[in-house]
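The residues making up each chain are set out below.
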Amino acid sequence: MNTAQQRAKRQQKVEELCAATLRALTGDAQLHYRGRRLHRGARPLPMHAPHQRVDTDLDGFDACRAAADGMALRLLYSDPDLHRRLCPAGGVERLVFEWLEQLRVETMVPADMPGMADNLVHRFEDWSRNFYREGLTEGRLGILLYTVAQMAWSRLMARQVLEETEDYIEGTRASLVGVLGTPLAGMRRHRDDQAEFARHALEVARVVDETMRSDRAEAGGDDSAPEPDEDDEAKSRFALLLDFDPDEGDGDNIAAATTGDSKVFEDAKQAYHVYTTRFDTEVAAGTLVRKALLREYRERVDKRISEQGINLPRLARMLGAILAQPQRDGWLFGQEEGRIDGARLSQLISSPAERRLFRQDQYLPKADCVVAFLVDCSGSMKTHAEPVAMMIDLLIRALEMVGVSTEMLGFTTGGWNGGRAAKAWMSEGRPPHPGRLNEVTHMVFKEADRNWRRTRIDMMALLKPDLFREGIDGEAVDWACNRLLARSEARRILIVISDGCPADSATGRANDEFYLDNHLKDVVARREAQGAVEILGLGVGLDLSPFYRRCLATDMSQALDNALFQDIVQLIGGRHRR
């Protein structure tokens, strides 16, 4: 396992633990991490308080756990509607108000959770040290925000400011104490009353904002003048903190901010449009490749699989343990307790000491489940075709050993750069925002009603290089889900195997670059909300969490091993990014 894969696994583990903590503390089962951000269902929950903004890939577990504790308190003790009504529009004033509200809820740690209180104190102190040592207090904005944060935290928590910077901020603190003393005292008194606390917090935010405006005016002779170079640098380092999405604040106490939004998709009110379906096809993949070549591919894959040393029976047992459920399967006869077996009553007369006259219900584990593998056959996946084929082949064999029905599907396009669909669009005058602008090809490598032995040759069509073109993931996920919904099994699982975002050059040029991304997110969110199909993401060298709630990043450049299949079993069992 290389360094990148180890880092990804560590990040996933940290996010799983933090999400579990949040769900336990708040009782909200919809909380989970996706794309390194906390979500409630499909809605992201950003944290604007600077001391609680962590990167799970870079920060230690202690920082991430403290951020989870802080977010839990925010969700529990902050009224989102009231916060939204009172919150300033943006800029420094908004930042200070968000920050003070977070500090308020952090004073409300339950008395029986001293560990949480320690986590939050240590996190604020660590952030303070890092902020100071990185030189962020050298500009006017930095020293002002830092000093106000120290003063507010000290007053609310009844603790001393950080000793390391106490002398450094003394001058700024002395200049502020006259105007901030009263609102800080009011914040302390009313920390249990959000509305009354907000009145004083808004006064603090207003003072900070006016101080910044005054400094700018003095420096440039104009309230709107740019700051000196040192503050320009500080401003750039605070850019993410001061950048608030104008569409935030529609119901969550920490408003959602999304990146990579498609304006075309939003303008159409989340309605996905397909320019033409005339050239779309659904085809049996085995018919696209010569049988002799398929057999050659099969021999090559069989040889590679035999070299991997995968314990297939063990893998089957692991999958059976999470997918099979006990179901009644007839009777167990000759038991010493249970229901009387009428056929054995005569033995009671001939052998009065005979006790094995009863029968019991017999339960055997059976898997009432279907699993479909949906493979992204875009051009970038071409180099991963062989290890992906080997992995799916082994998983299908193991699943069928425990009675699970399986399907292998794929998706690509019929041509590059839009194919015939794009040509039709151009011949009709290039109307604006045409939506999806390519010919979709959905491929069936293995149907659920045909077992592995009958389809093992056709499955190898995945190795044909010229099948890989471009990818329109959202429609493929919808198609695969519809196929699963037509099945009678009680549990339906779709595993999407991909190495990146949806990619179709013609659609991106004619609409915008995030059009297909937004459609995929919309499809997955809708299908997850329906709950009839479980959708999992298996990333090939990439974290797919921006699209799939449950996902796993894998490294297909390395040899397949038992550890990889254990991770996949855990993913199916729901232990990744739940």
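Computed from a prediction, not measured in an experiment: that's the story for all the values here.

Participant: Would you mind going over the pattern of salt bridges with me for this structure?
Facilitator: Oppositely charged side chains may form a pair once their charged atoms are brought near each other. One pass over the full model with this rule turns up 36 salt bridges. Residues Arg173 and Glu170 are paired through a salt bridge, measuring 2.8 Å at the closest nitrogen-oxygen approach. In this pair, Arg173 and Glu170 both sit in helix α7 (residues 170–189), 3 residues apart, roughly one turn of the helix. Judged by its relative accessible area of 37%, Glu170 falls in the partly exposed class.

Participant: Before we go on, may I ask you to explain the sheet that holds strand β12 (residues 534–540) in this structure?
Facilitator: Strand pairing in a sheet takes place through backbone hydrogen bonds and is either antiparallel or parallel in direction. The strand order across the open sheet formed by 7 strands is β4-β10-β9-β8-β11-β12-β13, and the pairing between neighbours is mixed. Of all strands in the sheet, those bounded by a partner on one side alone are β4 (281–284) and β13 (550–554). Neighbouring strand axes in the sheet, compared pairwise and without regard to direction, differ in orientation by 20 degrees on average. Pairing of strand β8 (residues 369–376) with strand β11 (residues 491–498), which is carried by 7 bridges, proceeds in the parallel orientation. In the sheet register, Leu374 faces β11, and the bridge partner there is Val496.

Participant: What am I meant to see in the sheet that holds strand β1 (residues 31–34) here?
Facilitator: Taken in spatial order, the 3 strands line up as β1-β2-β3 in an open sheet, and their pairing is antiparallel. Looking at strand neighbours, the two that pair on one side only are β1 and β3 (43–44), the edges of this open sheet. Sheet topology places β1 next to strand β2 (residues 37–40); 4 bridges connect them, and they run antiparallel. Across the sheet, the residue bridging to Arg34 is Arg37, located in β2.

Analysis parameters
- Residues numbered from 1 in each chain as written.
- Predicted model: local features only at pLDDT ≥ 70, side-chain atom pairs only at ≥ 80, totals over all residues.
- Heavy atoms only, no water.
- Salt bridge = Lys/Arg side-chain N within 4 Å of Asp/Glu carboxyl O.
- Helix = DSSP H or I, 4+ residues; strand = E, 2+ residues; numbered from the N terminus.
- Buried < 20%, exposed > 50% of the residue type's maximum accessible area, 1.4 Å probe, protein only.
- Pairing = 2+ DSSP bridges.
- Axes fitted to C-alpha atoms, helices over the stretch in contact; angles between N-to-C directions.

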